[in-house]
Amino acid sequence: MDSLLLSVIAKPDLIVFLAAAVVVIAGGVGVITYRNPVHSALSLVMTMFGIATLFIEQNAQFLAAVQIIVYAGAIIVLFLFVIMLLGVDRSEIFSRERIRAQRPLAAVAGVVTLGEILILGHATWATGAKAATGAVGNSSDNVFKIAQAVFSTYLLPFEATAILLVIAVLSAVYLSKRVVVNVDEALDGPSSDGVAVANEDADREAPWEPDTENDDEVYEV
Amino acid sequence: MGQDPLFLGHISIGVVLIVIIKVLLAFVALMVSVMLMIWFERKLISDMQNRIGPNRAGPYGILQTLADGIKLFFKEDLIPDRSERFVFKLAPYLTLIPAFLVFTVVPIGGTVHIFGHTVELQVADPPMGILFVLAMSSVAVYGTMLAGWSSGSKYPLIGSVRASAQMISYEAAMGLTVATVVLVTGSLGTRDIVAAQAGSYFGIIPKWNLIRLGVVPFIIFLIAVTAELNRPPFDLTEAEQELVGGFHTEYSSIRFALFFLAEFMNTITMSAVIVTLFLGGPDGPILFGPSFIWPIIWFLLKTGVFLFAYVWFRAALPRLRYDQLMDLGWKVLIPISLAWLLLVGAMQISKVYGFALFAVFIVAGVALLRAVAVGKESNEVDIVTTFRKESPRRGALGGDQ
């Protein structure tokens, strides 16, 4: 018993891998089997945490942290926002398929992806080195290696991605911006006396009203 | 660098035991400090509001929290009919666990030697250190969000949407200020961050990040953390006048208590994180007696200052409006912290670059503010003239609004 315990403790990698693999697979199955979209999203969070654990087990600590911050902390939160605010947070009955032959196609795609991963895991033709060669260096110079790759070898693609993201954000803001107009002001004109009086009234009677400077901004969460 | 000395050699039963003991000690310490913190907050805020506060259970009412806890345990646990049962039960734990996990990476003292092992006085010292704090605080959104949604009621949903929008917005400013600290440290590990702050300028002024980085990142971080914690003056999540009780309106009994436990635990851990990042953590002079005890005392004192400050904020500041909150986060804190990050980066290269960049930022900032003001004016004029041309009658527009 004692020796068994010792031998198990001596292999933390194996224990961590098994536990994380179970979490990842359970989460993945949950995503596609739950009827309620919120439950599916939560299963996806579970998968993300499992993958982050696997990253840590491979000494890729930075990737693990980014995985949690970006995917679990931002993207799936956005999923949940959309699900909750659109009011589709009820179990749906999928009696009719939206796209014909959706299920067989999904099965084929799954098998192809699995085959691809299995081949990539052993093949050398992509980069000349084996894809899955194990941990790169020890855990603390992980960040340095990523920084070196991103800011020297792959600087141009990295910056291009950054610009692309900024453009996407700006255009999203522009497209969703609604202009709310103060009707009285628009009709009477800013220079007429009536408006000045009305504004003074508003100031005196309703000091808790938001100031008119911010009226053209509509906050949508 | 950033490597826990405990796990360097062969992992034996002794190491596993030490880890378990550390986790248990941290958990108990955190629970007890939450109990004291609730008493401290109630007592202090009573003093500030000219009341007496809890004074029945124990000396000076110090056991009041224990009494409240026992009471809550024995209350009826209600689950609303229209709630999503599983998520409703899960949500309090999703709030509580990240709150505890953040504390694990905070160094509360130096290192001690136990049974031939070098043990750092913190539960874990992973190389990703401070990123773990960011990760856990971004995961903490789930508890709040799901609690509000699963209650199956309107006010909790509004409260939780407010809370999660607020937490996501302020995370950006928080992350950028953490990046400035990481930039001068050159490591993500919390122990390295603390070690880099040891020493002093001219033998008097401590070399803490508070002074090294200029005071701006510290202030931004303090504001961002207060918003992240949903504490006053950023407690729109539970604005009683507007939302009944916020995201936990439908909760009762021990589940309700768990939310408050998590909130106070978060307050304590985030104060500890501020101390770690900007005030040198357990750094301080060793005066007399055993040398390992002084860092712990300094750490507790510094954390205590921030706990006091949070209570003070609550007593002194009125609650912000929602648009003010979003303006502060997106239009003030994020640009300033971004500029300061670039500035710190330039200072790392050379002082000349740094000051040149500082001047450029001031000019650019003034130009940008002017541009925004001009744009706003011209927009207003445009809208007015177009509306005059297109719809001269009042009735046509009145229906639109």
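Since the model is a prediction, treat every value here as computed from it, not as a measurement.

## Notes on the side chain of Lys302(B)
Residue and element names in this part refer to chain B.
Then, in step 1: Within the secondary structure, lysine 302 is located in helix α12 (residues 293-316).
Then, in step 2: Despite its burial, lysine 302 pairs with no opposite charge; the closest candidate is aspartate 283, at 5.2 Å N-O.
Then, in step 3: At 2.7 Å, the side chain of lysine 302 and the backbone oxygen of aspartate 283 are in polar contact.

## Some details on the pattern of salt bridges
All names here are of chain B.
Then, in step 1: Scanning all chains against the criterion turns up 7 salt bridges over all chains.
Then, in step 2: A salt bridge links arginine 314 to glutamate 41, with the shortest nitrogen-to-oxygen separation between them at 2.6 Å. In this pair, arginine 314 is assigned in helix α12 and glutamate 41 in helix α1 (residues 13-48), connecting sequence segments 273 residues apart.
Then, in step 3: Here aspartate 327 makes a salt bridge to lysine 331, at a shortest N to O gap of 3.4 Å. One end of the pair is aspartate 327 and the other is lysine 331, both in helix α13 (residues 322-349) and 4 residues apart, which spans about a single turn.
Then, in step 4: The class for aspartate 327 is buried, based on a relative accessible area of 16%.
Then, in step 5: A relative accessible area of 47% places lysine 331 in the partly exposed class.
Then, in step 6: When salt bridges that share partners are traced, they join Glu41, Arg231 and Arg314 into one network.

## Describing the confidence of the model for chain A
All names here are of chain A.
Then, in step 1: The pLDDT averaged across chain A works out to 75; a share of 62% of its residues lies at or above 70.
Then, in step 2: Averaged pLDDT values over the elements of chain A bottom out at 44 in helix α9 (residues 193-205) and peak at 92 in helix α7 (residues 155-176).
Then, in step 3: Every residue in residues 191-221 scores below 50 in pLDDT, and together they form 31 contacts with partners more than four places removed in sequence or on other chains.

## Topic: helix α3 (residues 37-57) of chain A
Then, in step 1: Between the first and last C-alpha of α3(A) there are 30 Å, a value that for 21 residues agrees with the 30 Å anticipated at 1.5 Å per step.
Then, in step 2: Among the residues of α3(A), Val38(A), His39(A), Ser40(A), Ala41(A), Leu42(A), Ser43(A), Val45(A), Thr47(A), Met48(A), Gly50(A), Ala52(A) and Glu57(A) are the ones counted as buried.
Then, in step 3: In this structure, the buried residues of α3(A) make contact with α2 (12-33) and α4 (61-86) of chain A together with α3 (85-103) and α5 (141-150) of chain B.
Then, in step 4: One side-chain oxygen at the N-terminal end of α3(A) lies 3.0 Å from the backbone nitrogen of Val38(A); it belongs to Asn36(A).

## A few points about the side chain of Ser151(B)
All names here are of chain B.
Then, in step 1: Looking at where serine 151 falls in the secondary structure, it is placed in the loop between α5 and α6 (154-185).
Then, in step 2: When its relative accessible area of 1% is taken as the criterion, serine 151 is described as buried.
Then, in step 3: If sequence neighbours within four positions are ignored, serine 151 has contacts with Pro80, Ser83, Phe88, Pro156, Phe247, Glu250 and Tyr251.

## Section: helix α9 (residues 216-228) of chain B
Residues and elements named next belong to chain B.
Then, in step 1: With 13 residues, α9 ought to run about 18 Å at 1.5 Å a step, and its terminal C-alpha atoms sit 18 Å apart, in line with that.
Then, in step 2: Of all 13 residues that make up α9, 10 are buried, and the element is covered over most of its length.
Then, in step 3: Those residues of α9 that fall on the buried side of the exposure criterion are Pro217, Phe218, Ile220, Phe221, Leu222, Ala224, Val225, Thr226, Ala227 and Glu228.
Then, in step 4: On its buried face, α9 is in contact with α4 (129-139), α6, α8 (209-212), α11 (253-278), α12 and α13.
Then, in step 5: Positive backbone phi, at 55 degrees, marks asparagine 230, one or two positions downstream of α9.

## Remarks on the packing of α4(A) against helix α6 (residues 142-153) of chain A
Residues and elements named next belong to chain A.
Then, in step 1: As a packed pair, α4 and α6 sit with axes 7 Å apart at the nearest point and diverge in direction by 75 degrees. Judged by the inter-axis angle, α4 sits roughly perpendicular to α6. For the pair formed by α4 and α6, the contact residues are Gln61, Phe62 and Leu63 on the first element and Asn142, Val143 and Ile146 on the second.
Then, in step 2: Here the contact of α4 with α6 is built from residues that sort into 4 nonpolar, 2 polar and no charged.

## Concerning the confidence of the model for chain B
Interpreting fine coordinate detail is not advised for predicted regions of low pLDDT.
Residues and elements named next belong to chain B.
Then, in step 1: On average, residues of chain B score 84 in pLDDT, and 91% of them are at 70 or above.
Then, in step 2: Mean pLDDT in chain B bottoms out at helix α15 (residues 394-398), which sits at 47, and peaks at α9, which reaches 91.
Then, in step 3: The model gives residues 395-401 a pLDDT under 50, and that stretch makes 6 contacts with residues more than four places away or in other chains.

## Concerning the packing of aromatic side chains
Then, in step 1: Enumeration over the complete set of coordinates arrives at 13 aromatic pairs over all chains.
Then, in step 2: When the centroid spacing of 5.2 Å and the interplanar angle of 75 degrees are considered together, the rings of Phe151(A) and Phe158(A) count as edge-to-face.
Then, in step 3: The interplanar angle of 50 degrees and the centroid separation of 5.2 Å between the aromatic rings of Phe256(B) and Phe260(B) together place this pair among those described as tilted. Of the two residues, Phe256(B) and Phe260(B) both sit in helix α11, 4 residues apart, roughly one turn of that helix.

## Description of the nonpolar core
Then, in step 1: The biggest cluster of nonpolar side chains holds 76 residues, and the ones touching the most others in it are Ile130(B), Phe221(B), Val225(B), Val273(B), Ile274(B), Leu277(B) and Phe278(B).
Then, in step 2: Mapped onto this core, the elements with two or more residues apiece are α1, α3, α4, α6, α9, α11, α12 and α13 of chain B.
Then, in step 3: Among the elements that make up this core, the one with the highest residue count is α11(B) (13 residues).
Then, in step 4: Sequence-distant contacts of Ile130(B), defined by excluding residues within four places in its chain, comprise Val178(B), Val182(B), Leu188(B), Thr190(B), Ile193(B) and Leu277(B).
Then, in step 5: Counting 32 residues, the second largest nonpolar core, distinct from the first, contains Ile68(A), Ile83(A), Ala147(B) and Met167(B).

Rules and cut-offs
Residues numbered from 1 in each chain as written. Chains lettered and ligands numbered in written order. Predicted model: local features only at pLDDT ≥ 70, side-chain atom pairs only at ≥ 80, totals over all residues. Heavy atoms only, no water. Helix = DSSP H or I, 4+ residues; strand = E, 2+ residues; numbered from the N terminus. Buried < 20%, exposed > 50% of the residue type's maximum accessible area, 1.4 Å probe, protein only. Lys, Arg positive; Asp, Glu negative; His and termini not counted. Salt bridge = Lys/Arg side-chain N within 4 Å of Asp/Glu carboxyl O. Polar contact = N/O pair within 3.5 Å; in protein donor to acceptor, adjacent residues only side chain to side chain. pLDDT = per-residue confidence, 0-100. Contact = heavy atoms within 4.5 Å. Expected span 1.5 Å × (residues − 1). Axes fitted to C-alpha atoms, helices over the stretch in contact; angles between N-to-C directions. Parallel < 35°, antiparallel > 145°, perpendicular 65-115°, else oblique. Nonpolar A, V, L, I, M, F, W, Y, C, P; charged D, E, K, R; others polar. Phe/Tyr/Trp six-rings, centres within 6.5 Å; stacked < 30°, edge-to-face > 60°. Core = buried A, V, L, I, M, F, W, Y, C linked by side-chain atoms within 4.5 Å.

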